[in-house]
Each structure stands twice: as structure tokens, then as C-alpha cells.
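So the chains spell out like this:
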Amino acid sequence: MIKTITYHLRDVIPYINWIYFFHAWGFPPRFAGIVDVHDCAGCRAGWLNQFPEEEKARATEAMRLYDDARQMLTKLDATYHSYVRFGLYDANSDGDNLVFWSDEEGDAKKEFRLPLLRQQQKKTEGPFLCLSDYVRPVSHGIRDKVGVFCATVDEEIEHLYEKDEDYDPFAHMLCQTLADRMAEASVEKMHEEVRKIYWGYAPDEQLSIKDLLLERFQGIRPAVGYPSLPDQSTNFDLDAWLDFSRIGIRITETGAMIPHASVSGLILAHPQAKYFAVGKIGEDQLQDYASRKGKPVDAIRKFLTANL
């Protein structure tokens with residue numbers, strides 16, 4: 001099953017994680033509390049007064065930034081959209097690989113293998129984790145399921161207010177940071193719909209937006225480039241399977257996505273699945289990983305510099 005969804009921005013705005021928005025502007029998480037404050041003057045004054053005198057100017061700045069962001073989102077909603085494409089596939093694990101299956105032309109089966117990395121550094125306790133641990137092994141003879149996704153926004157959002165005739169550096173940066181948040185928010189909304197409807201493994205889930213942003217749902221969605229899925233060249237593999245271009249995403253030779261406000265990754269439903277960092281790996285795993293990807297070691301090494 002592969003599905004493409006176009007969202008009105010108004011439908012994904014409630015799913016924005018404002019902590020990361022404020023982080024992008026250099027504000028600690030406590031200043032994101034303005035999002036939960038009622039718009040009345042009294043409530044806002046009360047929120048400001050909770051800060052020590054030396055932080056009130058900064059808190060006022062955060063409040064103004066939030067107001068500017070909401071006004072910008074209203075403008076953007078009139079014209080632009082976000083897009084998500086995801087696939088739900090029969091899959092199994094095979095060691096440190098994921099194996100995706102699809103039935104084509106009757107009983108003919110197409111196999112797609114996604115090599116993954118396993119933790120290798122010494123640990124004081126617990127197993128050395130790999131994302132494949134959360135998928136049923138192929139040796140069991142029973143199919144499991146794994147999701148693959150990509151998401152983005154209209155590329156023009158990233159370029160608003162940068163041309164000579166309407167150049168506004170603040171508005172331009174605001175659009176860029178909001179574009180990032182809307183791509184992520186679109187994935188949050190999509191993941192909720194996948195759990196409750198399309199995959200349906202949690203049909204009775206009743207979580208608030210706050211609960212969703214605190215990841216109190218079953219399963220995880222590790223994104224490419226993040227600690228448990230650090231190899232950005234994984235985008236080439238997922239693109240070959242899902243075709244990112246169907247929602248306007250292009251991939252550079254370094255595995256980066258354009259528009260920059262794009263995200264891709266996997267959806268895993270195991271109830272014990274958790275995020276982790278692969279961390280540093282040795283030359284032995286690098287060589288094994290390159291072999292499983294069918295690529296020269298040096299070609300893969302450049303994508304894993306931070307992990308070597």
C-alpha cells in the first residue's frame with residue numbers, strides 16, 4: 001500500500017512542536033510555554049511575570065516571535081500545502097537488514113533490502129540495538145509490516161522574502177523555520193492516521209496533541225540522518241522504493257533532500273520500540289555495512305564520518 005496525502009496547512013499547524021521552533025531561534029524550552037497561554041492580556045502578563053527580571057525581556061521577545069509566527073502561518077495557509085507519501089509493506093528482519101516484500105504480477109515477489117547499523121560501542125547494560133530488532137525475523141516464516149515515509153512542503157515557502165524587491169531577512173528566516181516545523185508536523189499527523197486507520201494497529205488511540213508530541217503512542221518513526229538511522233545515503237534506498245519525486249522531493253548527490261524542509265524515515269510498530277543512537281562504529285562494521293549495501297567502502301565512509 002502506497003498513499004500520497006496533501007494537507008492544508010491549517011490541518012497540520014496544531015501538530016507543530018513549538019519547542020523545536022523556538023530552539024531554532026536560540027530560545028530554551030521554557031520560553032515555548034507561551035504556546036499554552038491564553039491570548040488574553042491578563043494571561044500573557046501572568047506568564048511574563050513568572051520569569052525573573054533578567055529574563056523578562058527575552059520572554060517578551062519569545063512572545064512577539066510566536067505572534068509573528070502565527071500571523072505568518074495564516075498567510076501561508078491561504079496559498080501553500082504540505083505533502084506526505086508513505087508505504088506500508090510486508091517486511092521481515094534478516095540480521096541487521098530489513099527485507100521488504102511486494103507481490104507483483106500474481107505470485108511474483110519483489111524483494112527490497114535495507115541494510116541498517118547496530119550499536120557497537122561498549123555499554124554498561126542492555127543489548128546492542130539495531131532497528132531491525134523491532135521487526136519479526138524472516139526465519140519465523142510470518143510476515144511483519146514496516147512503513148516508509150517522506151514529507152515536504154511547497155518549495156516556494158523556503159524562498160519567500162528573499163528576492164530583491166521584497167527582501168526581508170526576518171520574514172525569510174521565519175518562513176524557513178516554519179517550513180521545517182510544518183514538514184515535521186505533517187509527519188506527526190500522518191503517523192497518527194497510520195496508527196489509527198491505514199495500518200490500524202492502534203485504532204482506539206485517544207491522545208491529545210501534547211501526548212503525541214511527547215511520543216506517548218505505540219511505535220517509533222526514526223528519520224534518516226537521526227541517531228538511530230544516521231546514514232543519509234539511506235534516502236537513495238527509500239527513494240528507489242517510494243519515489244520521493246511524487247511529492248516534489250529531489251535528492252542531492254550527498255543524500256540531502258530538496259526542499260530542505262523535508263523529512264523521510266521508517267515507521268515501526270513494535271510496542272517496545274524505542275529511539276537510540278547508533279554511536280561510533282568500527283571499521284569491521286563499516287566494511288560489513290558497505291558489503292550489504294553493495295557499495296565500495298570509501299563510498300559509504302563519507303556518509304558515516306560522524307560515526308567512525
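Residues numbered from 1 in each chain as written. Predicted model: local features only at pLDDT ≥ 70, side-chain atom pairs only at ≥ 80, totals over all residues. Heavy atoms only, no water.

Draft legend 1. Just the nonpolar core, in detail. If you look at the biggest cluster of nonpolar residues, it comprises 57 residues, and the most contacted ones within it are Trp18, Phe21, Phe22, Leu76, Leu178, Met182 and Met190. A per-element tally of this core places helix 5 (residues 169–198) first, with 11 residues. Here Leu76 is in contact with Leu9, Ile157, Leu160, Cys175 and Met182, once residues within four sequence places are set aside. Of all hydrophobic cores here, the second largest spans 38 residues; its members include Leu117, Leu242, Met257 and Phe276. (Core = buried A, V, L, I, M, F, W, Y, C linked by side-chain atoms within 4.5 Å. Buried < 20%, exposed > 50% of the residue type's maximum accessible area, 1.4 Å probe, protein only. Helix = DSSP H or I, 4+ residues; strand = E, 2+ residues; numbered from the N terminus. Contact = heavy atoms within 4.5 Å.)

Draft legend 2. Up close: the packing of helix 4 (residues 56–77) against helix 5. It is at 10 Å that the axes of helix 4 and helix 5 come closest, and there the two elements cross at 75 degrees. Of the possible angle classes, the one that applies to helix 4 and helix 5 is roughly perpendicular. Counting all contacts with helix 4, which are made through Leu65, Asp68, Ala69, Met72, Leu73 and Leu76, the residues of helix 5 involved are Phe170, Ala171, Leu174, Cys175, Leu178 and Met182. Along the lines of polarity and charge, the residues of the contact of helix 4 with helix 5 split into 11 nonpolar, no polar and 1 charged. (Axes fitted to C-alpha atoms, helices over the stretch in contact; angles between N-to-C directions. Parallel < 35°, antiparallel > 145°, perpendicular 65-115°, else oblique. Nonpolar A, V, L, I, M, F, W, Y, C, P; charged D, E, K, R; others polar.)

Draft legend 3. The arrangement of the pattern of salt bridges in detail. Here the structure, examined in full by the defined rule, presents 23 salt bridges. A salt bridge links Asp77 to Arg10; the nearest nitrogen and oxygen atoms lie 3.1 Å apart. Placement of Asp77 in helix 4 and of Arg10 in helix 1 (residues 9–12) is noted, with a sequence separation of 67 residues between them. Residue Arg10 is classed as partly exposed on the basis of its relative accessible area, which comes to 45%. In this structure, Glu53 and Lys56 form a salt bridge, with 3.4 Å as the shortest nitrogen-oxygen distance. Using a relative accessible area of 62% as the deciding quantity, one classes Glu53 as exposed. Exposure remark for Lys56: the relative accessible area of 22% places this residue in the partly exposed category. (Salt bridge = Lys/Arg side-chain N within 4 Å of Asp/Glu carboxyl O.)

Draft legend 4. Local environment of the side chain of Arg221. Positionally, Arg221 belongs in the loop between helix 6 (209–213) and helix 7 (234–242). At 2.8 Å, the side chain of Arg221 and the side chain of Glu188 are in polar contact. One polar contact links Arg221 to His191, side chain to side chain, over a distance of 2.9 Å. Every residue in contact with Arg221, bar those within four places of it in the chain, is listed here: Phe149, Val187, Glu188, His191, Leu266, Ile267 and Tyr275. (Polar contact = N/O pair within 3.5 Å; in protein donor to acceptor, adjacent residues only side chain to side chain.)

Draft legend 5. Here's a closer look at helix 3 (residues 41–49). Those residues of helix 3 lying buried are Arg44, Trp47 and Leu48. Within helix 3, the buried residues cover an arc of 100 degrees as seen down the axis, which keeps them to one side. Turned more than 90 degrees away from the buried face of helix 3, the exposed residues are Gly42 and Asn49. (Arc of directions from axis to C-beta.)

Draft legend 6. The packing of aromatic side chains, seen in detail. Applying the stated criterion across every chain, the model contains 17 aromatic pairs. Summarising the aromatic geometry, the rings of Phe21 and Phe22 are spaced 5.4 Å apart at their centres and angled 85 degrees between planes, so their arrangement reads as edge-to-face. Each member of the pair, Phe21 as well as Phe22, is classed as buried. Taking the centre distance of 5.8 Å and the plane angle of 70 degrees together, the rings of Phe27 and Phe31 count as edge-to-face. By relative accessible area, which is 4% here, Phe27 ends up buried. With relative accessibility at 2%, the residue Phe31 sits in the buried group. These aromatic residues form a ring-pair network of at least three members: Trp18, Phe21, Phe22, Trp25, Phe27, Phe31, Trp47, Phe51, Tyr66 and Phe170. (Phe/Tyr/Trp six-rings, centres within 6.5 Å; stacked < 30°, edge-to-face > 60°.)

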